[in-house]
Amino acid sequence: MIGQVGVALFMLISAYFLAFSTSNPCTRLVKLWTQVFIYSFGLLVLFSLIQDTSIVPKQYRIPIHAGAFISHALPIIFNEYWFVSAYFVVVLLAPFANKLLDSLSFHQSIVLTVIMLWITFGWRLINPSIDYFSNLIYLFSIYLIGAMIRRQKQHLPDLRIWQTAIITIACCILCIAGTHFLALHDNIAQKLGYPINLLAGGEGSSPILAVIMATAIFICMVRNLPTKTHRTILTDFIVRIAPATFGVYLLHEHNIWKPVLWHYVFSMEQPAGIAGKALFAIISILVVYILLLAVCYVIHICITHPVCVFSEKIIMRISSTSHTITRS
């Protein structure tokens, strides 16, 4: 569930900054495509070179066929990362969605958003086998929420931190209780076609509770944004490492490297007791994140950023040339 909250927050932030954009998204999409290709294909090549060494455990060594190189060279098309593939299409459609919202009244925009949310989450909550739910529709519905938050700031509820905390805790309790109920009454769940993870996340789920949590957190943050921001060492540090954070996702969710990475994490001896295991989980997650962030920052500085800048220059040159030809 928490993972779905992160997905929703990422999409809400993106929608917030894209809410009024009607310009050509090609430059943005080329940067995204370039970054995903570098990680997807680069990690596959690295794996093929070192998989026979002691770094990769024997049970995770797999033959690399030509099809793997094709799919990892075109990761967005072949859905190597479900989120990136859906996000790519949403960004592609965003200018058209924004023009649609420009032409709609406030109430019409609300109705459209509610319809999309019902089709995406409500309908699926009643009937998980419905085919209308997809990764693309999932992210696009969240995009509409984020765009409406940006466009209708004056109509946002004034959520306080304590109110947001109550909403968050209530959603967590509902998720835990609902999942526990489905697990205990699996005969009822099977008859109704409900997966145990219906409220949590993953295949067959309706992550409406995660979206509610993320939306409440995001509205609270937007309502409490300072009117003036002052640069500090912390803000400079965050801005500097921010471009590498997406790389952490691309690295640890790589379908070949993911089991290898977590093999090393889970092979470590864990303390006894719930409290010890919880502390171990928190520390191990932080350590893994910091290490991956450091690796991705180096990749960003040495590879991703220079290649993206080069790609952007090529796009600008092509655009300028085509504009000149058109004028002629």
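This text goes with the structure placed above it.
Per-chain numbering applies: the sequence of each chain, read as written, is numbered from 1 onward. Confidence filtering applies because this is a predicted model: local features only for residues at pLDDT of at least 70, side-chain atom pairs given and counted only at 80 or more, and all residues used for totals across whole chains, interfaces and linings. Only hydrogens and water are set aside; all other atoms, that is, all heavy atoms of the structure, feed into the side-chain values.

Asks: Got a minute to help me understand the overall build of the protein in this structure?
Replies: Where helices and strands are cited, they refer to DSSP runs of H or I of at least four residues and of E of at least two residues respectively, numbered from the N terminus. Broken down by element type, the protein carries 12 helices and zero strands. Its C-alpha radius of gyration of 22 Å places the protein within 12% of the 20 Å reference for a compact globule of 328 residues. For the protein, the C-alpha atoms occupy an extent of roughly 70 × 60 × 45 Å along the three principal directions. Burial here depends on accessible area, computed with a 1.4 Å probe over protein chains only, as a share of the maximum for the residue type. Under 20% is buried, over 50% is exposed, and the range in between is partly exposed. Taken over 328 residues, the protein has a buried fraction of 38%. Here the Shrake-Rupley method, with its probe set to 1.4 Å, supplies the accessible areas, and only the displayed protein chains count as covering residues. Accessible area for the protein stands at about 19,200 Å²; split by element, carbon and sulfur atoms hold 71% of it. Counted as positive: Lys and Arg. Counted as negative: Asp and Glu, with His and the chain ends omitted from the count. We put the charge of a Lys on NZ, of an Arg on CZ, of an Asp on CG and of a Glu on CD. On the protein, the mean spot of the 20 positive side-chain charges and the mean spot of the 11 negative ones are 12 Å from each other. Radius of gyration: over C-alpha atoms. The globule rule applied is 2.2 Å multiplied by the number of residues raised to the 0.38 power.

Asks: Please clarify how helix H11 (residues 257–266) should be interpreted in this entry.
Replies: For the α-helix, the turn length of 3.6 residues means that residues three or four positions removed from each other point alike. Every buried residue belonging to H11 is among Trp-257, Val-260 and Val-265, and all of these are buried. The arc that holds every buried residue of H11, seen down its axis, measures 140 degrees, which confines them to one face. Throughout, the arc means the angular range of directions from the helix axis out to the C-beta atoms.

Asks: What is the right way to read a nonpolar patch on the surface from this model?
Replies: On the surface, Trp-118, Trp-123, Leu-125, Ile-126 and Tyr-132 cluster together into a nonpolar patch covering about 510 Å² of accessible area. The residue Trp-118 is located in helix H5 (residues 106–126) in this model. Patches in this entry comprise residues that are over 30% relatively accessible and not in a salt bridge; like charges within 9 Å are linked, as are nonpolar side chains (Val, Leu, Ile, Met, Phe, Trp, Tyr) within 5 Å. What counts as a salt bridge is simple: a side-chain nitrogen of Lys or Arg found within 4 Å of a carboxyl oxygen of Asp or Glu.

Asks: What should I look at first to understand the packing of helix H1 (residues 2–18) against helix H9 (residues 208–223) in this one?
Replies: Packed helices, taken two at a time, are described by the angle between their axes plus the distance between the axes. For the pair H1 and H9, the least separation of the axes is 8 Å and the interaxial angle reads 45 degrees. In terms of axis orientation, H1 runs oblique to H9. Crossing hand, H1 versus H9: right-handed. Facing Gln-4, Val-5, Ala-8, Leu-9, Leu-12, Ile-13 and Tyr-16 of H1, the residues of H9 in contact are Ala-210, Val-211, Met-213, Ala-214, Thr-215, Ile-217, Phe-218 and Val-222. Only the stretch in contact is used when fitting a helix axis, every axis being a line fitted to C-alpha atoms; angles between N-to-C directions are given from 0 to 180 degrees. An angle below 35 degrees is read as roughly parallel, one above 145 as roughly antiparallel, one from 65 to 115 as roughly perpendicular, and any other as oblique. Handedness of a crossing follows from how the near helix is turned relative to the far one, being left-handed for an anticlockwise turn of less than a right angle and right-handed for a clockwise one. The contact criterion used throughout is that any non-hydrogen atoms of two residues lie within 4.5 Å.

Asks: Help me understand the side chain of Thr-304 in this model?
Replies: Take Thr-304: it is sitting in helix H12 (residues 274–327). Once you skip the residues sitting within four places of it in the chain, Thr-304 turns out to touch Gln-35, Ile-38, Tyr-39 and Ile-299.

Asks: Would you explain the packing of aromatic side chains in this entry?
Replies: Working definition: an aromatic ring pair is given by the centre-to-centre distance plus the angle between the planes. Classification of ring pairs rests on two measures: the distance between centres of Phe, Tyr or Trp rings, Trp counted by its six-membered ring, which must be within 6.5 Å, and the angle between planes, read as stacked under 30 degrees, edge-to-face over 60 and tilted in between. In total, this model carries 19 aromatic pairs according to the counting rule given. Arranged with centres 5.7 Å apart and planes meeting at 50 degrees, the rings of Tyr-81 and Tyr-249 form a pair that is tilted. Of this pair, Tyr-81 sits in the loop between helix H3 (66–73) and helix H4 (82–103) while Tyr-249 sits in helix H10 (residues 233–252); the two residues are 168 residues apart in sequence, bridging distant segments of the chain. Following the ring pairs from residue to residue traces out a cluster consisting of Phe-10, Tyr-81, Trp-82, Phe-83, Tyr-87, Phe-121, Phe-133, Tyr-138, Phe-246 and Tyr-249. When the ring centre of Tyr-16 is taken as reference, the NZ or CZ atom of Arg-150 above it lies at 4.9 Å. The criterion for a charge sitting over a ring is simple: Lys NZ or Arg CZ within 6 Å of the ring centre, and within 35 degrees of the ring normal.

Asks: Which parts of the structure should I look at to understand the pattern of salt bridges?
Replies: For side chains bearing opposite charge, pairing can occur when the charged atoms are close. This model, assessed by the stated rule, comprises four salt bridges. The salt bridge partner of Asp-158 is Arg-160, with a shortest N-O separation of 3.1 Å. Note on Asp-158: relative accessible area 37%, which makes it partly exposed. Look at Arg-160 and you get partly exposed, because its relative accessible area is 42%. One salt bridge in this structure joins Arg-223 and Asp-158, with 3.8 Å as the shortest N-O distance. In this pair, Arg-223 sits in helix H9 while Asp-158 sits in the loop between helix H6 (135–151) and helix H7 (161–184), placing the two residues 65 residues apart along the sequence.

Asks: Would you take a moment to explain the environment of Gly-247 for this structure?
Replies: Assignment of secondary structure puts Gly-247 in helix H10. Assessed through its relative accessible area of 0%, Gly-247 is described here as buried. In this structure, the C-alpha to C-alpha distance between Gly-247 and Ile-299, residues 52 residues apart in sequence, is 8.5 Å. Excluding its chain neighbours within four sequence positions, the residues that come into contact with Gly-247 are Gln-35, Tyr-39 and Cys-296.

Asks: Which parts of the structure should I look at to understand the packing of H5 against H6?
Replies: Between H5 and H6, the least distance of the axes is 9 Å, while the angle of their chain directions is 150 degrees. Relative to H6, the element H5 lies roughly antiparallel. For the crossing formed where H5 meets H6, the hand is left-handed. Contact residues: Ser-109, Ile-110, Leu-112, Thr-113, Met-116, Leu-117, Thr-120 and Phe-121 in H5; Ile-137, Tyr-138, Phe-140, Ser-141, Leu-144, Ile-145 and Met-148 in H6. Residue type decides the class: Asp, Glu, Lys and Arg count as charged, Ala, Val, Leu, Ile, Met, Phe, Trp, Tyr, Cys and Pro as nonpolar, and the leftover types, Gly among them, as polar. Residue classes in the contact of H5 with H6 are distributed as 11 nonpolar, four polar and no charged.

Asks: Please explain the environment of Leu-104 as it appears in this structure.
Replies: Here Leu-104 shows up in the loop between H4 and H5. With relative accessibility at 25%, the residue Leu-104 sits in the partly exposed group. In this structure Leu-104 touches Ser-109 and Leu-112, once residues within four positions along its chain are discounted.

Asks: Just to check I follow, could you spell out the side chain of Asn-98 for this structure?
Replies: Note on placement: Asn-98 falls in helix H4. In protein, a polar contact requires one atom able to donate a hydrogen and another able to accept it; more generally it is a pair of N or O atoms within 3.5 Å, and residues adjacent in sequence count only if both atoms are side-chain atoms. At a separation of 2.6 Å, a polar atom in the side chain of Asn-98 contacts the main-chain carbonyl oxygen of Leu-18.

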